[in-house]
Amino acid sequence: MTIHSGQFRTIISPLQLNSPWGRRIYWTVLVTVVVTFTLAFVFPLYWMITGAMKTGEEIAQMPPTLFPADPTLDAYAEAWSLFDLGTLLGNTAYYSLGGWIFCMLVDVSAAYALSKLRPMFGTVILGAMLATLMIPAMVVLIPLYVTVVDLGLLNNPWGLWFPAAANGFNVFLLKRFFDSIPKELVEAAQIDGAGPVRVLWSVILPISRPILGVVSIFTIVTSFKDFTWPLLVMTDSDKMTLSVGLSQTAGMVSQNAIMGGLVVASIPTIIVFFIFQRHIMAGLTAGSIKG
């Protein structure tokens, strides 16, 4: 069989790639790219973890050391007590759980209605939701804050949950996935007498676990890393979130204790990622596959 290299639009044709020097170049480039990007993402986390194991003098040392000279875990215990990380983690987990529940209720219902119930002006409604993604968050911060103040929701979890409940991007992701679910499944359930709510609960949601995992990751991670809005809404020290509490106390503790606090703060989001990580690619790509 003859292969014409002119049929291929790649930098290196398959014939060149199958040669000894082609394979060497291919693997050299592949390994270099993978290692470089891995280090770029992992090194900051490594630097934070090892920084908490150093003394304050070693952190300030120039040039900096790559490995702790005398590693110790004292900074983690110090950070736990100084930052009151137990309270901050409990507050943030509580706010994140409530925000996730409300996000699932609102966004899943909206996406299901737009995808399967086909309401009047559904395309216009979806376009309006997506248009909100073009508005910078800081533009709506003041009117949103005034609304929360008028409703008396300062230092109240509802002040965090209500704004997080509706998210145009999550609705878009969920709708795209729901669109890929064959309509025959919905019609079969309707023939058996299932109403819209029963179809959603018994047919749509069991199939939609991948995209629900993706939306869950986005929602929970956003709740954990959000800073500006919790800083405005939760002003009482015993109700602060993790990011706000760390920033408020950071100027009064040592650098290695700050590093330890940041490591502890990053653990919940890493755990959430590993729980749902197998759903990420499946959820993001399934919406583009029909049938």
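Caption draft 1: Main features of empty space enclosed by the protein. Within the structure shown, the criterion is met by one cavity of 30 Å³ or more. A volume near 50 Å³ is recorded for the largest cavity. Looking at the largest cavity, the residues that line it are W47, G51, K54, E58, I59, P64, T65 and M259. Elements supplying a minimum of two residues to the lining of the largest cavity: α2 (20-51) and α3 (56-60).

Caption draft 2: The arrangement of the packing of aromatic side chains in detail. In the structure shown here, the tally under the stated rule is 11 aromatic pairs. Summarising the aromatic geometry, the rings of F102 and W161 are spaced 5.8 Å apart at their centres and angled 25 degrees between planes, so their arrangement reads as stacked. With a gap of 59 residues between them, F102 in helix α5 (residues 85-117) and W161 in helix α8 (residues 158-165) connect regions that are remote in the sequence. Owing to a relative accessible area of 22%, F102 belongs among the partly exposed residues under this scheme.

Caption draft 3: Spatial organisation of the confidence of the model for the chain. Across the chain, the average pLDDT comes to 81, with 88% of residues at or above 70. Below pLDDT 50 for its whole length, residues 1-6 participates in three contacts with residues either more than four positions away or in separate chains. Taken as a whole, residues 287-291 scores under 50 in pLDDT and shows nine contacts with residues more than four places along the chain or in a different chain.

Caption draft 4: Quick peek at the nonpolar core. Grouped together as the largest cluster of nonpolar side chains are 25 residues, with contacts concentrated most on V108, L174, F178, V199, I204, I211 and L212. Looking at this core, the elements with two or more residues in it are α5, α9 (168-179), α10 (183-191), α11 (196-207) and α12 (209-225). If one sorts the elements of this core by residue count, α5 sits on top with seven residues. Residues A52, L85, L242 and M259 belong to the second largest nonpolar core, which totals 19 residues.

Caption draft 5: The arrangement of the layout of surface pockets in detail. What the largest pocket holds in volume is close to 1,200 Å³. In terms of lining, the largest pocket is formed by 38 residues, of which the most central are L144, P163, A164, A166 and N167. Those elements that place two or more of their residues in the lining of the largest pocket are α5, α7 (141-150), α8, α9, α12 and α13 (228-233). Here the lining of the largest pocket gets eight residues from one element, more than from any other, and that element is α5. By residue class, the composition of the lining of the largest pocket is 24 nonpolar, 12 polar and two charged.

Caption draft 6: Highlighting unusual backbone geometry. Phi is positive for D84, which is not a glycine, with a value near 55 degrees. For D84, the position within the fold is in the loop between α4 (74-82) and α5. According to the relative accessible area criterion, D84 is partly exposed, its value standing at 40%.

Caption draft 7: View of helix α14 (residues 242-249). Of all the eight residues making up α14, six are buried; the element is thus mostly covered by neighbouring parts of the structure. Taken together, the buried positions of α14 are L242, S243, V244, G245, L246 and T249.

Caption draft 8: Examining a nonpolar patch on the surface more closely. Where nonpolar side chains cluster on the molecular surface, the patch consists of W21, I25, V29, V33, F37, F41 and V42 and spans about 710 Å² of accessible area. Along the polypeptide, V42 turns up in helix α2. Judged by relative accessible area, V42 falls into the partly exposed class, the value being 43%.

Caption draft 9: Looking closely at the side chain of S243. Along the polypeptide, S243 turns up in helix α14. Residue classification places S243 among the buried residues on the basis of a relative accessible area of 19%. A distance of 2.8 Å separates a polar atom in the side chain of S243 from the backbone oxygen of D226. Those residues in contact with S243, other than ones at most four positions away along the chain, are F224, K225, D226 and F227.

Caption draft 10: Region of interest: the side chain of K175. Turning to its location among the elements, K175 is positioned in helix α9. Among the residues examined, K175 registers a relative accessible area of 13% and is labelled buried. Setting aside anything within four residues of it in sequence, one finds K175 in contact with A111, L114, S115 and L126.

Caption draft 11: Expanded view of the packing of α9 against α12. At a minimum axis distance of 10 Å, the contact between α9 and α12 shows a crossing angle of 170 degrees. The orientation of α9 relative to α12 falls into the category roughly antiparallel. Note on element contacts: α12 touches α9 through P210, I211, L212, V214, V215, F218 and T219, opposite F169, N170, L173, L174 and F177. Tallied by class, residues from the contact of α9 with α12 come to 10 nonpolar, two polar and no charged.

Procedures and definitions
Position numbers for residues start from 1 in each chain and track the written sequence from start to end. Residue-level local features of this predicted model are given only where pLDDT is at least 70; pairs of side-chain atoms are given and counted only at 80 or more, and the full residue set underlies all totals for whole chains, interfaces and linings. To obtain the side-chain values, all non-hydrogen atoms of the structure were included, while hydrogens and water were left out. Only protein atoms enter the calculation, which uses a 1 Å grid: trapped sets of points that fit a 1.4 Å probe without letting it out are cavities, open sets showing protein on both sides within 12 Å along at least five of seven lines are pockets, and any residue with an atom within 4 Å of a point is a lining residue. Grid points are joined across faces, edges and corners, and a volume is the space filled by probe spheres set on the points. Numbering goes from the N terminus for both helices and strands, where a helix is a DSSP run of H or I of at least four residues and a strand is a run of E of at least two. Centre distance within 6.5 Å is the pairing criterion for rings of Phe, Tyr and Trp, where only the six-membered ring of Trp is used; planes under 30 degrees apart are then read as stacked, over 60 as edge-to-face, and the remainder as tilted. Each residue gets one of three labels from its accessible area relative to the maximum for its type: buried under 20%, exposed over 50%, partly exposed in between, using a 1.4 Å probe on protein chains only. Values of pLDDT, which run from 0 to 100, indicate the predictor's confidence residue by residue. We call two residues in contact when some of their heavy atoms are within 4.5 Å. Put simply, buried Ala, Val, Leu, Ile, Met, Phe, Trp, Tyr and Cys residues joined by side-chain atoms within 4.5 Å make one nonpolar core. Note that Gly is not counted as nonpolar here; it falls among the polar residues with everything else outside the nonpolar set of Ala, Val, Leu, Ile, Met, Phe, Trp, Tyr, Cys and Pro and the charged set of Asp, Glu, Lys and Arg. Patch members must show over 30% relative accessible area and no salt bridge, and they are joined within 9 Å when carrying like charges or within 5 Å when they are nonpolar side chains of Val, Leu, Ile, Met, Phe, Trp or Tyr. Here the accessible surface of atoms and residues is derived via Shrake-Rupley with a 1.4 Å probe, and residues count as covered only by protein chains that are part of the display. Salt-bridge detection follows one rule: a side-chain nitrogen of Lys or Arg within 4 Å of a carboxyl oxygen of Asp or Glu. Under this definition, polar contacts are N or O atom pairs within 3.5 Å; protein pairs additionally need one hydrogen-donor-capable and one acceptor-capable atom, and for neighbouring residues in sequence, both atoms have to be side-chain atoms. Note on method: axes are straight lines fitted to C-alpha atoms, helices fitted across the in-contact stretch only, with angles between N-to-C directions ranging 0 to 180 degrees. Orientation labels follow simple angle bins: below 35 degrees gives roughly parallel, above 145 gives roughly antiparallel, 65 to 115 gives roughly perpendicular, and whatever is left gives oblique.

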